[in-house]
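# Per-entry structural report
The residues making up each chain are set out below.
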Amino acid sequence: MSKFVILDRDGVINEDSDAYIKSPDEWLPIPGSLEAIALLTQQGYRTVVLTNQSGIARGLFDLSTLDRIHDKMRAAVEATGGRIDDVFVCPHGPEDGCACRKPKPGLFHAFAEKYKVDLKTVPAIGDSFRDIQAAQAAGAQPILVETGKGARTLARYPNLDIPIFPTLYAAVQYILFEAR
Ligand SMILES: O=P(O)(O)OC[C@@H](O)[C@H]1O[C@@H](OP(=O)(O)O)[C@@H](O)[C@@H](O)[C@@H]1O
Ligand SMILES: [Mg+2]
Ligand SMILES: [Zn+2]
């Protein structure tokens, strides 16, 4: 039985921007995040990314640019000894009423269906409140990191009853410790 970890992208793996990540050049890894994914891979975990990319619907970048951003992300992770097994994207905007834009759980359901996984066994690491909401709606195990928008999330919701860590690396160490 494969062990999975779900990661949000912007603000967890790479630096986020209020102006969106619109090109491969704007995609910059958060210090320690590539090493955190490598640690998961080396410990036998499969890593999937679930990400809102409303920049597509907003016309800020197109799907081929998003593919090039993800090519850069995968290459950077692999160069550090890790692997990203899959990426699930919501390309829609807030007004599109789709089922896949977090905080809705549609991306989680698409992942669980494709890999035949029981989501209650899967940690889901994010920086935004909507990441936590989507994980809870899907029955996964939400974890907040304070990178990206995480510090803002924690300031706005100081009483979150979920594991909270300063970085992805710290969150991965917690996951590995809990699983021993
Ligand atoms: O954190 P993930 O899900 O990987 O991606 C978030 C991005 O799609 C963008 O999501 C936007 O939210 P709106 O989509 O405009 O509400 C803003 O928060 C941007 O700053 C952010 O870069
Ligand atoms: Mg994020
Ligand atoms: Zn969507």
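Residues numbered from 1 in each chain as written. Chains lettered and ligands numbered in written order. Predicted model: local features only at pLDDT ≥ 70, side-chain atom pairs only at ≥ 80, totals over all residues. Heavy atoms only, no water.

## Let's talk about the pairing of strand 4 (residues 123-126)
The alternating pattern of strand 4 places Pro123 and Ile125 on one face and Ala124 and Gly126 on the opposite face, and all of these are buried. Pairing of strand 1 (residues 3-7) with strand 4 involves two bridges; the strand directions are parallel. Counterpart to leucine 7 in the pairing with strand 4 is isoleucine 125. Sheet topology note: the strand 4/strand 5 (residues 141-145) ladder contains four bridges and is parallel. By the bridge assignment for strand 5, glycine 126 is matched with leucine 144. In this fold, strand 4 hands off to helix 4 (residues 129-138), which returns the chain to strand 5; that crossover is right-handed. (Buried < 20%, exposed > 50% of the residue type's maximum accessible area, 1.4 Å probe, protein only. Helix = DSSP H or I, 4+ residues; strand = E, 2+ residues; numbered from the N terminus. Pairing = 2+ DSSP bridges. Right-handed = clockwise from strand over helix to strand, strands pointing away.)

## Considering the coordination of the zinc ion (ligand 3)
Listed as protein donors to the zinc ion (ligand 3) are Cys90 (SG), His92 (ND1), Cys98 (SG) and Cys100 (SG); their distances from the metal cover 2.0 to 2.4 Å. The coordination sphere of the zinc ion (ligand 3) comprises four donor atoms, whose angles at the metal cover 101 to 118°; the geometry is tetrahedral. All donor residues of the zinc ion (ligand 3) come from one chain, and their arrangement in sequence is C-x1-H-x5-C-x1-C. Here cysteine 100 lies in the loop between strand 3 (86-90) and helix 3 (106-115) and cysteine 90 lies in strand 3, a separation of 10 residues in the sequence. Among the residues examined, cysteine 90 registers a relative accessible area of 0% and is labelled buried. (Donors = N, O, S within 2.8 Å, 3.2 Å for Na, K, Ca; no water. Tetrahedral: all angles 85-135°; square planar, octahedral: opposite > 155°, others 65-115°.)

Any link to function would need more than the numbers given here.
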